[in-house]
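# Descriptive structure summary
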Amino acid sequence: MNPLFINTFEAYGDAVRYRSSGPSNAAKYGAVGVMVRSQASNTDQHPHTGVTFYNAAFPKIPAVSISTAEANWLSELLQHKDVLEVGFTTHCKMENDTLSYNVIGEIKGNKFPDEIITVGGHLDSWDLAEGAQDDGAGCVQSIEVIRAFIATGLRPDRTVRAVLFMNEENGAGGAQAYFDSAIAKKENHIFALESDAGGFTPRGFSVTASDSQFRQLQKWLPLFIPYGLYYFKKGESGVDIGFLEKTGAALVGLEPDSQRYFDLHHAENDVFEAVSKRELELGAINMAALVWLVSKYGLN
Ligand SMILES: [Zn+2]
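Residues numbered from 1 in each chain as written. Predicted model: local features only at pLDDT ≥ 70, side-chain atom pairs only at ≥ 80, totals over all residues. Heavy atoms only, no water.

## Some points on the sheet that holds strand β9 (residues 250-256)
Pairing is mixed across the open sheet formed by 7 strands, whose spatial order is β3-β5-β4-β6-β9-β7-β8. Of all the strands in the sheet, the pair left with one neighbour each is β3 (103-107) and β8 (231-234). Each strand axis lies, on average, 20° off the axis of its neighbour in the sheet, ignoring direction. Against the sheet, helix α5 (residues 132-152) makes contact with β3, β4 (112-122), β5 (158-165) and β9, and its axis sits at roughly 145° relative to β4, the strand it touches most. (Pairing = 2+ DSSP bridges. Helix = DSSP H or I, 4+ residues; strand = E, 2+ residues; numbered from the N terminus. Axes fitted to C-alpha atoms, helices over the stretch in contact; angles between N-to-C directions. Contact = heavy atoms within 4.5 Å.)

Okay, structure coming up:
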């Protein structure tokens, strides 16, 4: 990942193609296997996994991620040797799809129960670890929005749903099912907020919305500044709520500080102990505040 990007998500977006389409591109030139340098922003011993797409026009060759430290070592060896022999063995396979579920908790709105606000993260994770930052953090924060309303005795005017989406990492089947159900039930979705960028110190909100919705959100910025958030900007929201764009709902993604996320994204060090309770709670309570404002004033 190019370290010159300040926001590591941009560096990830720039580098992820080497994993996602590298194997087929290499097979095109006769490669028999591929070792990909992990998309990670630090140097350590953890391989980082993730989606790989095969192009059916070329042989489906085995591909592995190696840690950044090992990639550096391999690169060093290649500079000093004319011929270098490496080998690897893989034991991976795709299992068949199986039935699974989104998990949904809801507080019915006091005044406008048919206007729905979704706040969510994703329940699944890659197999290397428990996925505490990606995206246990977003799940807990979404539950926390509901819990905070109950704990403070605040009843929202509009319906608020915490949704833990299943299958974000491998096709977003849960998000698709949630959207399909919204259409089938003719639900009125006005707003969705996603947290899927880690439970780090919150910095701002990224917004996919109409100009008028965006202006309304931006008017609330002074309320967030004392809590460490300093922007609403137009941009992407999140994979799981992205489907709801077609309903006309305004979509917002929580943007935490990105500097450490790709140290553990899709790797075995993405564990509970790597989450800061204070940072996680600060994100959750800013999410709750935004959901509360939309639940009270709506969005036009
Ligand atoms: Zn995620």
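## Brief notes about a nonpolar patch on the surface
A surface patch of nonpolar side chains, about 230 Å² in accessible area, is lined by Met-35, Val-86 and Phe-88. Within the secondary structure, Met-35 is located in strand β1 (residues 34-37). (Patch = residues over 30% accessible without salt bridge, like charges linked within 9 Å, V, L, I, M, F, W, Y side chains within 5 Å. Areas by Shrake-Rupley, 256 points an atom, 1.4 Å probe, with all protein chains shown as cover. Salt bridge = Lys/Arg side-chain N within 4 Å of Asp/Glu carboxyl O.)

## Considering the pattern of salt bridges
Tallied over the entire structure, the rule returns 13 salt bridges. Among the ionic pairs, Glu-106 bridges to Arg-161, the shortest N-O distance being 2.7 Å. Of this pair, Glu-106 sits in strand β3 while Arg-161 is found in strand β5, placing the two residues 55 residues apart along the sequence. Classification of Glu-106 by relative accessible area gives partly exposed; the value is 35%. (Buried < 20%, exposed > 50% of the residue type's maximum accessible area, 1.4 Å probe, protein only.)

## Details of the domain arrangement of the protein
According to the domain assignment, the protein consists of domain 1 (8-80) and domain 2 (103-297). Each of domain 1 and domain 2 was reduced to a C-alpha centroid, and the two centroids are 31 Å apart. Every contact between the two is made by 14 residues of domain 1 and, on the other side, 15 residues of domain 2. Together, the buried faces of domain 1 and domain 2 total about 1300 Å²; carbon and sulfur atoms form 59% of this surface. Sorting the residues of domain 1 by area buried against domain 2 places Thr-8, Phe-9 and Thr-49 first, and these three jointly supply 40% of that buried surface. Between the two partners, domain 1 and domain 2, sit 0 salt bridges. One can count 6 residue pairs in polar contact (both at pLDDT 80 or more) joining domain 1 with domain 2. Tallied by class, the residues present in the side of domain 1 that touches domain 2 amount to 5 nonpolar, 8 polar and 1 charged. (Domains from an automatic or database assignment. Buried area = accessible area lost by both parts, 1.4 Å probe. Polar contact = N/O pair within 3.5 Å; in protein donor to acceptor, adjacent residues only side chain to side chain. Nonpolar A, V, L, I, M, F, W, Y, C, P; charged D, E, K, R; others polar.)

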